Amino acid sequence: MQTPQKLLLENRAWSEEISKKNPEFFKLLAKEQKPSFLWIGCADSRVPADTIVNAQPGEIFVHRNIANQVINTDFNCLSVLQYAVDVLKVKHVIVCGHYGCGGVKAALMPQSSKLVITNKWLMHIKDVYRLHQDELDIIPDDRRLDRLIELNILEQLYRLTHTSIIQASWKHGHKPTLHGWVFGLHDGLIKELIMLDHNTQINPIYRYHD
Ligand SMILES: [Zn+2]
């Protein structure tokens, strides 16, 4: 049975196992963090960032929300991005979505009167659908969701390039690379959809003046 007590017991066992293998592990972990990666992923319990890339504590700075979105009025995500880029100086920012995403699936349906707050969050994905409606509407039903999931990931990458944080870092900072990945629930494999670096041409209407 899954209970909070079981989680605490598992935590104790995990800590003891790591300390047995490497007695210095937690001493070093407590000192500082120097992750090379910022991970922006979906909150879905089946896509745990560290687990699916076999990472250890301290390797990945993580932000997760419904359908792995970068919204330019979301101070939560933007604060994480700013800290990761300007202070931790991560080398890579990864947006990882996943096939079978319930958030993207819900965005293709009428709005639920029981989920008024969640509706607002999903509205941004409806906008991605509307932006690509011509392409999406001629795709067979069983492929449409997968394609919108991919397009949603691409859109988040573009939104990252529209932030002052990424633009300033590409111009004057350490130039992190942006990656759009999609995870397959059926085989556990990640596919890279897009990679953008500091040479990327940003649409002038989104560019900041110096
Ligand atoms: Zn999801």
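A few points on the structure. (Residues numbered from 1 in each chain as written. Predicted model: local features only at pLDDT ≥ 70, side-chain atom pairs only at ≥ 80, totals over all residues. Heavy atoms only, no water.)

**Considerations on the pattern of salt bridges**
Evaluated as defined, the whole model comprises 12 salt bridges. With its nearest N and O atoms 3.5 Å apart, the salt bridge here joins Glu24 to Lys27. Assessed through its relative accessible area of 38%, Glu24 is described here as partly exposed. Given a relative accessible area of 59%, Lys27 falls into the exposed group. One salt bridge in this structure joins Arg130 and Asp127, with 3.0 Å as the shortest N-O distance. Here Arg130 pairs with Asp127, and both are found in helix H6 (residues 116-131), just 3 residues apart, close to one helical turn. Overall, Asp127 belongs to the partly exposed group, its relative accessible area being 36%. One connected set of salt bridges, linked through shared partners, spans Glu135, Arg147, Glu150 and Lys191. (Salt bridge = Lys/Arg side-chain N within 4 Å of Asp/Glu carboxyl O. Buried < 20%, exposed > 50% of the residue type's maximum accessible area, 1.4 Å probe, protein only. Helix = DSSP H or I, 4+ residues; strand = E, 2+ residues; numbered from the N terminus.)

**What about the layout of surface pockets?**
The volume enclosed by the largest pocket comes to roughly 440 Å³. As for the largest pocket, its lining consists of 22 residues, of which Tyr158, Arg159, His162, Thr163 and Tyr206 are closest to the centre. Mapped by element, the contributors of at least two residues to the lining of the largest pocket are helix H4 (75-87), H6, helix H8 (141-161) and helix H9 (164-172). Here the lining of the largest pocket takes 4 residues from H8, the largest share from any one element. (1 Å grid on protein atoms, 1.4 Å probe; cavity = no way out; pocket = protein on both sides within 12 Å on 5 of 7 lines; lining within 4 Å. Points joined across faces, edges and corners; volume = space filled by probe spheres on them.)

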